[in-house]
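# Architecture and fold: a report
Each chain, letter by letter, is given below.
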There are 2 protein chains.
Amino acid sequence: MNQAIVITIGNELLQGYTLDTNASWISSYLRDRDIEVSNRLTVGDSKQEIVSSLSYAINKIKINLIIITGGLGPTHDDITKDVLKEYFSTDFIIDKNYLSILKSKFVRINMRIPKNISSQATYLKNSLPISNKNGTALGMQIVDNNVTILVLPGVPSEMKQMVQDCDLFKTLKLKNKYYTIKTAGIYENKLYEILFKEIKSNKNFKVAFLPNYSGVDIRLSRLSKISEKLFSEFKHKIRKLIGKYIYSDSDELLEEVLGKKLNTLNLKLSIAESCTGGIISKKITNVPGASKYFLGSVIAYNNNIKKKILNVNKETIEKFGPVSEEVAIEMARGVLLITDSDISVATTGISGPDGGSDEKPIGLIYIAINYRNKNIVKKFNLPSNRKIHREIASNIALNMIRLVINK
Amino acid sequence: MNQAIVITIGNELLQGYTLDTNASWISSYLRDRDIEVSNRLTVGDSKQEIVSSLSYAINKIKINLIIITGGLGPTHDDITKDVLKEYFSTDFIIDKNYLSILKSKFVRINMRIPKNISSQATYLKNSLPISNKNGTALGMQIVDNNVTILVLPGVPSEMKQMVQDCDLFKTLKLKNKYYTIKTAGIYENKLYEILFKEIKSNKNFKVAFLPNYSGVDIRLSRLSKISEKLFSEFKHKIRKLIGKYIYSDSDELLEEVLGKKLNTLNLKLSIAESCTGGIISKKITNVPGASKYFLGSVIAYNNNIKKKILNVNKETIEKFGPVSEEVAIEMARGVLLITDSDISVATTGISGPDGGSDEKPIGLIYIAINYRNKNIVKKFNLPSNRKIHREIASNIALNMIRLVINK
């Protein structure tokens, strides 16, 4: 298998109510296994459209895998199975064993067994059934004229589990053709400057820079003819050149990496947020187990809170303004003392759309860290879009903590 | 025009790196204008694939609109225009006026004019050019055999603006065939119970319940033969039956509706968050102008913070545990007093994955409000998935405030 088409079925996809995340996940899963998705089709719950898309896919030369998702549920608009039955002129078989497992699932959670439950346990005579651990509808694997067709439910959690359970892919080794390095705290052009020579002198590898709100991801890929060993050497060289900016080469988020580090070092964190308004705290507490290293935060949106809870001096605010290096430092110190934490971070800035001036434009932000009786404070002029400003600012704050404790 | 096909072009879409949000937005835009998207195709930046998808779309009967996005940029993998030129055996024309506008854009922001800029100002001889206000690539409108083909860039902000500017759609009236009521604080089955009779006795309207983490959206639609007046009466009846649960019938989020209300009533809000860890604060401060009604928050993840900053009694925590009605009440009172706000909300619960017990399982949460010297506290057993728990809990908190101040 090397060329695939994905067909997603569902009126809700075509009407724009639901974003098609399945197609994207499947593409990415297959890519890692060296199967190229050359086409994606989305059709509604209509017999004619399903047949038309399937014919298109089956008749395309070179295609040897078709993945179909959606329309397997128990309601009247779920017609995928019926359409396929007619298309292949075949019959339904009931998977009795699976049906009894399904029924017992409902009994276990004290739910009434739905009337039409048996429809969820049928599969086509020309197919192999695929169990659905996270839902009810059975999937199917059909082989037709050297084309393998997988038929899966549209619910993402069910579909993903079934793809991962599928024998079809188990035999395919991960190709290690791609490798992503996630960096923070450095601009794309600066990264490029550092890596320029290495990239130019290694034409067997592709390097793509993907900037995002956390930083820049660097995606490396090797040509098929190049060995994994050489690729590994190339990765190593690239990593070495930009060492400290790398926070992850896995799916881990910045806050997860930071959380682990804080936990390992047994450091307790506190946060004082003004313009970021809770985003840093939210990110930190998104991570399970955050209570091990996170004590708490003060969101000091109003200046009185800065003074009253964080003990920022009235004079400091009056003299330098609430958005200033000095206030950021005092906020960080204030929250550290009041929470008795080991390290703290504070933000004060102007996220907009109001509040900017010539001297202090929208986008300006100061981020301060207090650690081991030292202050680190940095000034940034970030984009003036409120949402983007807050998102980038929170990631910078997380990364600043990471860099400080990594020293 | 009534039947459309959307073709999105780009390797990044097929490789799963980018989620195809364009297709979904276009579908929704067309649906509101009574144009049905019967198919969506996604192909890579490959001549063969683009041609194959275009032939498929053009040759489909009943289709009279094709929207193509992507592949119009200036880099070597943007080949859409070249492929179309060959497909229609036609030539390029340079839009000199547009080109000079483009160049002056670069001059204005002090950027070097890119070498291949003129490629961005070309269009096909058989097309009408479509200006791109938010970017560089010119779009095109081609009419071929009664099928209108729109060719637009893949960058969402550019594409959307160009669709909205397009004369083609300006003549189409919004059909008012759909109406969405957003509710919070009531379960889907309870809503259905209340609306059951009304729905059953009005077969000319469709009613769909769409549960989400804020509550349940109710989507009403009318059959084409039914007048807008009758639809409007039906909307009114439905609204009347579930009045207080409705928070919006527009794109407004719960936190935006709440913000406006707080502002109108001149009420200042403060928040004490334990398990929600900053999400409520983040949502409140996502709204521009939140500083008018939001003072600040204390994220009391650690019990010491609850005691020290929020003045929760040590005895209350010892006697009832940190996750209790009593502690929630004291947290709400504490944050109200320390911030001198008019109203406050507090959360304490168990988001998991650890910390649950038989008596207090994962998912349990208490949410308290302090307003006009009164406490309101509610207990919820929410899903045990950490992310979902936090998301739902924060929305419940926002809605509780909304309901209290609406009284």
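Structure: see above.
Everything numeric in this text was worked out from a predicted model, so none of it was measured.

Glancing now at the packing of aromatic side chains. The relation between two aromatic rings is expressed through the spacing of the ring centres and the mutual angle of the planes. Per the counting criterion, the structure on display carries 17 aromatic pairs over all chains. A ring pair is formed by Trp25(A) and Tyr29(A), whose centres lie 5.2 Å apart and whose planes are at 20°; its orientation type is stacked. Residue Trp25(A) and its partner Tyr29(A) are located together in helix H2 (residues 21-31), separated by 4 residues, close to a single helical turn. Pairing Phe205(A) with Phe231(A) gives two aromatic rings, centres 5.7 Å apart and planes at 20°, and the pair type is stacked. Residue Phe205(A) is located in strand S10 (residues 205-211), and its partner Phe231(A) is located in helix H9 (residues 228-241); the two are separated by 26 residues in the primary sequence. An identical accessibility class is assigned to Phe205(A) and Phe231(A); each is buried. An aromatic cluster is built from Trp25(A), Tyr29(A) and Phe169(A), whose rings are joined through pairwise contacts. A cation over a ring is seen here: Arg31(A) above Tyr178(A), with NZ or CZ 5.2 Å from the ring centre. The cationic tip of Arg33(B) hangs over the ring face of Tyr29(B); the distance from NZ or CZ to the ring centre is 3.7 Å.

Once that is clear, we can look at the nonpolar core. Ranked by size, the top nonpolar core spans 70 residues in total, and within it Ile343(A) and Ile343(B) carry the most contacts. For Ile343(B), the contacting residues outside a window of four places in its chain are Leu262(B), Lys268(B), Leu269(B), Ser270(B), Leu336(B), Ile369(B), Asn370(B), Tyr371(B), Ile401(B), Val404(B) and Ile405(B). Listed in part, the 66 residues of the second largest apolar core include Phe88(A), Val147(A), Val151(A) and Ile7(B).

All names here are of chain A. Here isoleucine 117 lies in the loop between helix H5 (96-108) and strand S5 (122-124). Linking isoleucine 117 and lysine 103, residues 14 residues apart in sequence, is a C-alpha distance of 8.0 Å. When near neighbours in sequence (up to four residues on either side) are disregarded, isoleucine 117 contacts Leu99, Leu102, Lys103 and Phe106.

Paired through backbone hydrogen bonds, the strands of a sheet run either parallel or antiparallel to each other. Residue and element names in this part refer to chain A. The 4 strands are arranged S10-S11-S9-S12 in an open sheet whose pairing can be described as antiparallel. In the strand order of this sheet, the two ends are held by S10 and strand S12 (246-248), each with one partner. Taken over all neighbouring pairs, the strand axes of this sheet differ in orientation by 35° on average, direction set aside. Here S10 runs beside strand S11 (residues 216-222); their pairing, made up of 7 bridges, is antiparallel. By the bridge assignment for S11, valine 207 is matched with leucine 220.

Each copy of the sequence occupies a distinct position, and chain A is placed on chain B by a rotation of 180° and an axial shift of 0.2 Å, giving an RMSD of 0.3 Å. Given the turn and translation reported, the copies of this chain are related as if by a two-fold rotation axis. Of the interface residues in chain A, 100% have counterparts in chain B that sit at the interface too, so the contact is made through matching surfaces.

Here we come to the interface of chain A and chain B. Between chain A and chain B, the residue contacts involve 59 residues of the former and 59 residues of the latter. Of the roughly 4,900 Å² buried between chain A and chain B, counting both surfaces, carbon and sulfur atoms make up 52%. Taken together, chain A and chain B are joined by 2 salt bridges. The residue Glu49(B) makes a salt bridge to Lys60(A) at a minimum N-O spacing of 3.2 Å. The class makeup of the residues in the side of chain A that touches chain B is 24 nonpolar, 25 polar and 10 charged.

Let us look at the pairing of strand S1 (residues 3-9) of chain B. Residue and element names in this part refer to chain B. Where burial is concerned, most of S1 is hidden: 7 out of the 7 residues are buried. Judged by which residues are buried, S1 turns out to be covered on both faces: Gln3, Ile5, Ile7 and Ile9 on one side and Ala4, Val6 and Thr8 on the other are all buried. Judged from the 7 bridges that link them, S1 and strand S2 (residues 36-43) form a sheet pairing that is parallel. Residue pairing for S2: valine 6 is matched across the bridge by arginine 40. In this sheet, strand S3 (residues 65-69) lies alongside S1 in parallel orientation, the contact comprising 5 bridges. Paired with isoleucine 7 across the strands is isoleucine 68, a residue of S3.

The next point concerns the sheet that holds strand S8 (residues 147-152) of chain A. Spatial ordering of the open sheet is given by S6(A)-S7(A)-S8(A)-S3(A)-S1(A)-S2(A)-S2(B)-S1(B)-S3(B)-S8(B)-S7(B)-S6(B), a layout of 12 strands whose pairing is mixed. With one partner strand each, in any of the chains shown, strand S6 (127-130) of chain A together with strand S6 (127-130) of chain B form the two edges of the open sheet. Direction aside, neighbouring strands of the sheet carry axes that sit 15° apart on average. The pairing of strand S7 (residues 139-144) of chain B with strand S8 (residues 147-152) of chain B spans 5 bridges and is classified as antiparallel. Note that in S8(B) the partner of Gln141(B) across the bridge is Leu150(B).

Together, Lys244(A), Arg372(A), Lys374(A), Lys378(A) and Lys407(A) make up a positively charged patch on the protein surface. Turning to its location among the elements, Lys407(A) is positioned in the segment after helix H15 (386-406).

Glancing now at helix H14 (residues 325-339) of chain B. Residues and elements named next belong to chain B. Across its 15 residues, H14 extends 21 Å between first and last C-alpha, which sits within 8% of the 21 Å expected from 1.5 Å per residue. Across the 15 residues of H14, 11 count as buried, placing the element largely inside the fold. Listing the buried residues of H14 in full gives Val327, Ala328, Ile329, Glu330, Met331, Ala332, Gly334, Val335, Leu336, Ile338 and Thr339. Phi turns positive one or two residues past the end of H14, at aspartate 340, with a value near 60°.

Residue and element names in this part refer to chain B. Note on placement: aspartate 251 falls in the loop between strand S12 (246-248) and helix H10 (254-264). With a relative accessible area of 74%, aspartate 251 lands in the exposed category. When the C-alpha atoms of aspartate 251 and lysine 182 are compared, they prove to be 9.2 Å apart, with 69 residues separating the residues in sequence. Residue contacts for aspartate 251: discarding those within four places in its chain leaves Lys182 and Glu256.

Here helix H3 (residues 47-59) of chain A is 13 residues long and its end C-alpha atoms lie 18 Å apart, about the 18 Å a rise of 1.5 Å per residue gives. Turning to H3(A), its buried residues number three or more, namely Glu49(A), Ile50(A), Ser52(A), Ser53(A), Leu54(A), Tyr56(A), Ala57(A) and Ile58(A).

Residues and elements named next belong to chain B. Mapped onto the secondary structure, threonine 348 falls in strand S15 (residues 343-349). A polar contact is formed between the side chain of threonine 348 and the backbone oxygen of proline 322, at a distance of 2.8 Å. Other than its neighbours up to four places away in sequence, threonine 348 contacts Ser274, Cys275, Lys306, Pro322, Val323, Ser324, Ala328, Met331, Ile365 and Tyr366.

A few words on the pattern of salt bridges. Residue and element names in this part refer to chain B. With the rule as written, the count across this model stands at 27 salt bridges over all chains. Between aspartate 34 and lysine 177 there is a salt bridge, and its shortest N-O distance comes to 3.0 Å. Note that aspartate 34 is positioned in the loop between helix H2 (21-31) and S2 and lysine 177 in the loop between helix H7 (167-170) and strand S9 (178-183), a separation of 143 residues in sequence.

The rules behind these values
- Residues numbered from 1 in each chain as written.
- Chains lettered and ligands numbered in written order.
- Predicted model: local features only at pLDDT ≥ 70, side-chain atom pairs only at ≥ 80, totals over all residues.
- Heavy atoms only, no water.
- Phe/Tyr/Trp six-rings, centres within 6.5 Å; stacked < 30°, edge-to-face > 60°.
- Helix = DSSP H or I, 4+ residues; strand = E, 2+ residues; numbered from the N terminus.
- Buried < 20%, exposed > 50% of the residue type's maximum accessible area, 1.4 Å probe, protein only.
- Lys NZ or Arg CZ within 6 Å of the ring centre and 35° of its normal.
- Core = buried A, V, L, I, M, F, W, Y, C linked by side-chain atoms within 4.5 Å.
- Contact = heavy atoms within 4.5 Å.
- Pairing = 2+ DSSP bridges.
- Axes fitted to C-alpha atoms, helices over the stretch in contact; angles between N-to-C directions.
- Least-squares fit on C-alpha atoms with pLDDT ≥ 70 in both.
- Buried area = accessible area lost by both parts, 1.4 Å probe.
- Salt bridge = Lys/Arg side-chain N within 4 Å of Asp/Glu carboxyl O.
- Nonpolar A, V, L, I, M, F, W, Y, C, P; charged D, E, K, R; others polar.
- Patch = residues over 30% accessible without salt bridge, like charges linked within 9 Å, V, L, I, M, F, W, Y side chains within 5 Å.
- Areas by Shrake-Rupley, 256 points an atom, 1.4 Å probe, with all protein chains shown as cover.
- Lys, Arg positive; Asp, Glu negative; His and termini not counted.
- Charge placed at Lys NZ, Arg CZ, Asp CG, Glu CD.
- Expected span 1.5 Å × (residues − 1).
- Polar contact = N/O pair within 3.5 Å; in protein donor to acceptor, adjacent residues only side chain to side chain.

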